[in-house]
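Okay, here's what each chain looks like letter by letter:
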Amino acid sequence: LNECEDDTLCAHSCENRIGSYSCVCGEGYTLQEDGRNCEDANECEVENGGCDQYCHNLDGSYFCTCDIGFLLHVDDRSCIDMDECKVRNGECSHECVNMPGGYRCACPSNMTLEYDLTTCREIKSCSVKNGGCDHNCVHNQEGEIVCSCRPGWKLDGDGRHCTDIDECALVSRGNCQQRCLNVPGSWECGCYDGYRRRNDSLFTCQPVCGAECLNNGVCVAPNRCYCPPGYPGPECTPLCSPSCAHGGRCKRFNLCVCPTGWVGAACKTAVCTPPCANGGRCVAPNQCECTHLYTGSYCQTPTCFPACQNAGICVAANRCFCRRNWSG
Ligand SMILES: [Ca+2]
Ligand SMILES: [Ca+2]
């Protein structure tokens, strides 16, 4: 059975199959859910129909268009900038500058564009666009315009524009001792790593020593102090030889500042107050080492050996003062 012989079954065309059939729609249409009718497909909904700029849907097809100033390419999709300057110089009296989707007229620096935006008129006064000068504009005795530039700039060959002078490219390199950095209208000197600019000069650099060089030492290179004799330590710290003991601080060459309780050149002598008596030896602050016949914090107490018996009193080393009726 060929159902397709009934041409009312499908809106567009019919494809016969064994025991069945299906409807097919023409290009630009999609089959609807009823399997019979065809509906326009909106090509613009998918990636703008491939159009560069504008996409317009039609029943069964679509087309692309472009903005004013653009032309539709022969591929009917891309938009190409129209070069208006190619036709009669865009009606410009002097220069024509093509731009995407448009163009503009331009004038030489000694002229200005009229309000029609196409005609250039010569500038004859400094009061119009600064006479076409980048910086300074004056009239000479003949009334002509004379341009000049601010310091650090030089006048171009056109007599109007000013260009920055690259001072670093000159032989003097801007008188910079180390680095030279050109900037518009001026320049700056810089220093290598490990150096900084001197406070008293814009052009010269001095080395930087991480910490200050002490004791009149001089920073002669990055992190290198030149130190006076007796101060060979890092950053010219003083040398004490022998070194200060017991936490003493080396203040000047071979001069220790000692902590309380210690004296001497290297803080090695202990101080006992009062001093150790009876031949005792001061071994640490207020610590006496007594001879074997004396005791006490400063060896002030004599000892008797053997000890005095029967309430006798030890009055001096190994000398007992005995009570009445006792002796020995
Ligand atoms: Ca153009
Ligand atoms: Ca410069």
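Structural data are supplied above this passage.
Now for a quick tour of the structure. (Residues numbered from 1 in each chain as written. Chains lettered and ligands numbered in written order. Predicted model: local features only at pLDDT ≥ 70, side-chain atom pairs only at ≥ 80, totals over all residues. Heavy atoms only, no water.)

**Structural notes on the state of the cysteines**
Two cysteines joined by a covalent bond between their sulfur atoms form a disulfide.
Here is step 1 of the chain: In total, this model carries 26 disulfides according to the counting rule given.
Here is step 2 of the chain: The disulfide bridge from C51 ends at C64, spanning 1.9 Å between sulfur atoms. Disulfide C51-C64: the torsion about the S-S bond is -75°, which places it as left-handed. Within this pair, whereas C51 is found in the loop between β4 (38–40) and β5 (54–58), its partner C64 is found in strand β6 (residues 61–65), the two being separated by 13 residues in sequence. For the residue pair C51 and C64, the accessibility class agrees, reading buried in each case.
Here is step 3 of the chain: A sulfur-sulfur distance of 2.0 Å marks the disulfide that ties C191 to C205. Measuring handedness by torsion sign, the sulfur bridge of C191 and C205 sits at about -90° and is left-handed. Of this pair, C191 sits in the loop between β18 (186–190) and β19 (195–197) while C205 sits in strand β20 (residues 205–207), and the two are 14 residues apart along the sequence. We note that C191, like C205, is buried.
Here is step 4 of the chain: Just so you know, C322 is unpaired, no disulfide at all, and the nearest cysteine sulfur is the one on C320, 5.9 Å from it. (Disulfide = S-S within 2.5 Å. Helix = DSSP H or I, 4+ residues; strand = E, 2+ residues; numbered from the N terminus. Buried < 20%, exposed > 50% of the residue type's maximum accessible area, 1.4 Å probe, protein only.)

**Description of the coordination of the calcium ion (ligand 1)**
Here is step 1 of the chain: For the calcium ion (ligand 1), every protein donor is listed as D81 (OD), D81 (OD), M82 (O), E84 (OE), N98 (OD1), M99 (O) and G102 (O), and the spread of their distances is 2.3 to 2.9 Å.
Here is step 2 of the chain: Read from N- to C-terminus, the donor residues coordinating the calcium ion (ligand 1) fall into the pattern D-M-x1-E-x13-N-M-x2-G. On the criterion of sequence distance, the pair formed by D81 in strand β8 (residues 79–81) and G102 in strand β10 (residues 102–106) is long-range, its members being 21 residues apart.
Here is step 3 of the chain: Residue classification places G102 among the buried positions, given a relative accessible area of 15%. (Donors = N, O, S within 2.8 Å, 3.2 Å for Na, K, Ca; no water.)

**A closer look at unusual backbone geometry**
Here is step 1 of the chain: For the bond running from S241 to P242, omega is 0°, close enough to zero to count as cis.
Here is step 2 of the chain: With respect to the element layout, P242 can be found in the loop between β22 (224–226) and β23 (249–252).
Here is step 3 of the chain: Positioned with a positive phi, L117 is a non-glycine residue whose angle comes to about 65°.
Here is step 4 of the chain: Structurally, the position occupied by L117 is in the loop between β11 (111–113) and β12 (120–122).
Here is step 5 of the chain: A residue is classified by how much of its surface remains accessible, and L117, at 56% relative accessible area, is exposed.
Here is step 6 of the chain: In the Ramachandran plot, E235 falls in the positive-phi region, its phi being about 55° despite a non-glycine side chain.

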